[in-house]
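Now for the letters of each chain:
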Amino acid sequence: MNNLSIGSWNVNGLGDKYRDDQFMSCLKFICLCHLHPPLNSPHYDDDFLKLEAEITQVSDKGNVLVIGDLNARIANHDDFIADENKIHSSLQDILPEDYVQDFNIDRNSLDKIFNSQGQQLIDLCIASQLRVLNGRFIGDMLGNMTCFKPSGCSTVDYALTSVDLINSVSFFQILEPSYLSDHAQIVVFLKGCISMQNMNIDRKYSEIDMTFKWETISKEKLYTVLEESSTRDEILGYENTPFEINCSGVEEQNNN
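As the structure is a computational prediction, the values presented were derived from the model and not from experiment.

**Considering the pattern of salt bridges**
Moving on, step 1. Taken as a whole and judged by the stated rule, the model has three salt bridges.
Moving on, step 2. The partner of aspartate 79 in a salt bridge is arginine 136, and the shortest N-O contact between them spans 2.7 Å. Placement of aspartate 79 in the loop between β3 (63-69) and α3 (89-92) and of arginine 136 in the loop between β4 (130-132) and β5 (147-149) is noted, with a sequence separation of 57 residues between them. The exposure classification of aspartate 79 matches that of arginine 136, with both residues buried.
Moving on, step 3. One salt bridge connects lysine 149 with aspartate 182, and the closest N-O pair in it is separated by 2.7 Å.

In structure tokens form, the structure reads like this:
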């Protein structure tokens, strides 16, 4: 069975890792988690160009998946060169022999606004041969909104994937908004086959001997146990026991 390995970093965090053959050889595809500042932000600094440079550096090492808040609105605009097969024959002659033409994959979007950063994102997709998953896959066939603010809703969170990785995408979903954020969570499901036998997992930490199901009366039971003198003595004894402030000391204290 093949392992599915994922490497992730922010746009400024790749450094020289792409030059490390040992690091890159363990990746089947490369995932970049990206937070793109708004155009009027003081932190904005040609981030799409930086992201494109990062993708260019690693694209020959494997397929790329970009997920994050890109602060761009692309409406229904094509993220590929439309009707590329109709390019004039004189231009076809100057293209390299291994050039692969773009192909059309329909995409929907409930956000009909197209802004300047949206154009930059479209240019990035065309230049890097990435495709937007929003509005294209089961789970989000309509291209739902991802950002919800008092001023209105928009689609600014995206998943972009290399063309060669599209067949490995089985599902794409935009989850329901929650009180934790004004952005909805986006989820990508990739086909993969992971062998647990090849993973070095310490079973002492991966398996739990027992579990507890929290019920209505569990709160009262907890209070009752905590009020017992034996429980208080055990907690105080644990708190007053000296131990070394390092990993081995903490582990030894917890195992006692």
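This is not the end of the story, as more comes after the structure.
**Some remarks on the nonpolar core**
Moving on, step 1. Residues Ile55, Val66, Leu121, Leu124, Leu130, Tyr158 and Leu160 are the most contacted members of the largest nonpolar core, which totals 17 residues.
Moving on, step 2. Of all the elements in the fold, those that place two or more residues in this core are α2 (47-58), β3, α4 (116-128), β4 and β7 (157-162).
Moving on, step 3. Here leucine 121 is in contact with Phe48, Leu70, Ala72, Ile74, Tyr158 and Leu160, once residues within four sequence places are set aside.
Moving on, step 4. In this structure, Leu165, Phe172, Ile174 and Ala184 belong to the second largest nonpolar core, which totals eleven residues.

**Considerations on the packing of helix α6 (residues 218-227) against helix α7 (residues 229-240)**
Moving on, step 1. It is the contact of α6 with α7, at a shortest axis distance of 5 Å, that shows an interaxial angle of 75°. Considered as vectors, α6 and α7 are oriented roughly perpendicular to each other. Of α7, the residues touching α6 (which contributes Val225, Leu226 and Glu227) are Ser229, Thr231, Arg232 and Ile235.
Moving on, step 2. For the contact of α6 with α7, the class distribution of residues is three nonpolar, two polar and two charged.

**Some points on the side chain of aspartate 111**
Moving on, step 1. Relative to the elements of secondary structure, aspartate 111 occurs in the loop between α3 and α4.
Moving on, step 2. Among the polar contacts listed, one links the side chain of aspartate 111 to the backbone nitrogen of isoleucine 113, at a separation of 3.0 Å.
Moving on, step 3. There is a polar contact of 2.8 Å between the side chain of aspartate 111 and the backbone nitrogen of threonine 155.
Moving on, step 4. In this structure aspartate 111 touches Arg73, Ala75, Gly143, Met145, Ser154 and Thr155, once residues within four positions along its chain are discounted.

**Details of α4**
Moving on, step 1. Here α4 is 13 residues long and its end C-alpha atoms lie 18 Å apart, about the 18 Å a rise of 1.5 Å per residue gives.
Moving on, step 2. Turning to α4, its buried residues are Gln117, Gly118, Leu121, Ile122, Leu124, Cys125 and Ser128. Around the axis of α4, the buried residues are gathered within 155° of arc, so they sit on the same side.
Moving on, step 3. Where α4 is buried, its residues touch α2, β4 and β7.
Moving on, step 4. Just beyond α4, the residue with positive phi is glutamine 129, at close to 55°.

**Observations regarding the packing of aromatic side chains**
Moving on, step 1. Overall, the coordinates contain one aromatic pair when judged by the stated rule.
Moving on, step 2. Here phenylalanine 171 and phenylalanine 189 contribute two aromatic rings whose centre-to-centre distance is 5.4 Å and whose plane-to-plane angle is 70°, an arrangement assigned as edge-to-face. One end of the pair, phenylalanine 171, is in strand β8 (residues 169-174); the other, phenylalanine 189, is in strand β9 (residues 186-190), and 18 residues separate them in sequence.
Moving on, step 3. When its relative accessible area of 26% is taken as the criterion, phenylalanine 171 is described as partly exposed.
Moving on, step 4. The class for phenylalanine 189 is partly exposed, based on a relative accessible area of 38%.

**Side note on the confidence of the model for the chain**
Moving on, step 1. Per-residue confidence for the chain gives a mean pLDDT of 75, with 66% of residues at or over 70.
Moving on, step 2. Mean pLDDT values over the elements of the chain span from 33, in strand β1 (residues 6-7), up to 95, in strand β6 (residues 152-154).

**With respect to a nonpolar patch on the surface**
Moving on, step 1. Taken together, the side chains of Trp214, Leu222, Tyr223, Leu226 and Ile235 define a hydrophobic patch exposed on the protein surface, amounting to about 530 Å² of accessible area.
Moving on, step 2. Ranked by the residues each element gives to the nonpolar patch, the list is headed by α6, at three residues.
Moving on, step 3. Of note, tryptophan 214 is situated in the loop between α5 (203-206) and α6.
Moving on, step 4. Of the residues examined, tryptophan 214 reaches a relative accessible area of 62% and is grouped as exposed.

**As for the environment of glutamine 129**
Moving on, step 1. Within the secondary structure layout, glutamine 129 lies in the loop between α4 and β4.
Moving on, step 2. Given a relative accessible area of 34%, glutamine 129 falls into the partly exposed group.
Moving on, step 3. Spatially, the C-alpha atoms of glutamine 129 and threonine 161 are 8.4 Å apart, while their sequence positions differ by 32 residues.

**Concerning the environment of glutamine 173**
Moving on, step 1. Positionally, glutamine 173 belongs in strand β8.
Moving on, step 2. We classify glutamine 173 as partly exposed; its relative accessible area is 28%.
Moving on, step 3. Contact partners of glutamine 173, with chain neighbours within four places excluded, come to Gly139, Gln185, Ile186, Val187 and Phe189.

The rules behind each value
- Residues numbered from 1 in each chain as written.
- Predicted model: local features only at pLDDT ≥ 70, side-chain atom pairs only at ≥ 80, totals over all residues.
- Heavy atoms only, no water.
- Salt bridge = Lys/Arg side-chain N within 4 Å of Asp/Glu carboxyl O.
- Helix = DSSP H or I, 4+ residues; strand = E, 2+ residues; numbered from the N terminus.
- Buried < 20%, exposed > 50% of the residue type's maximum accessible area, 1.4 Å probe, protein only.
- Core = buried A, V, L, I, M, F, W, Y, C linked by side-chain atoms within 4.5 Å.
- Contact = heavy atoms within 4.5 Å.
- Axes fitted to C-alpha atoms, helices over the stretch in contact; angles between N-to-C directions.
- Parallel < 35°, antiparallel > 145°, perpendicular 65-115°, else oblique.
- Nonpolar A, V, L, I, M, F, W, Y, C, P; charged D, E, K, R; others polar.
- Polar contact = N/O pair within 3.5 Å; in protein donor to acceptor, adjacent residues only side chain to side chain.
- Expected span 1.5 Å × (residues − 1).
- Arc of directions from axis to C-beta.
- Phe/Tyr/Trp six-rings, centres within 6.5 Å; stacked < 30°, edge-to-face > 60°.
- pLDDT = per-residue confidence, 0-100.
- Patch = residues over 30% accessible without salt bridge, like charges linked within 9 Å, V, L, I, M, F, W, Y side chains within 5 Å.
- Areas by Shrake-Rupley, 256 points an atom, 1.4 Å probe, with all protein chains shown as cover.

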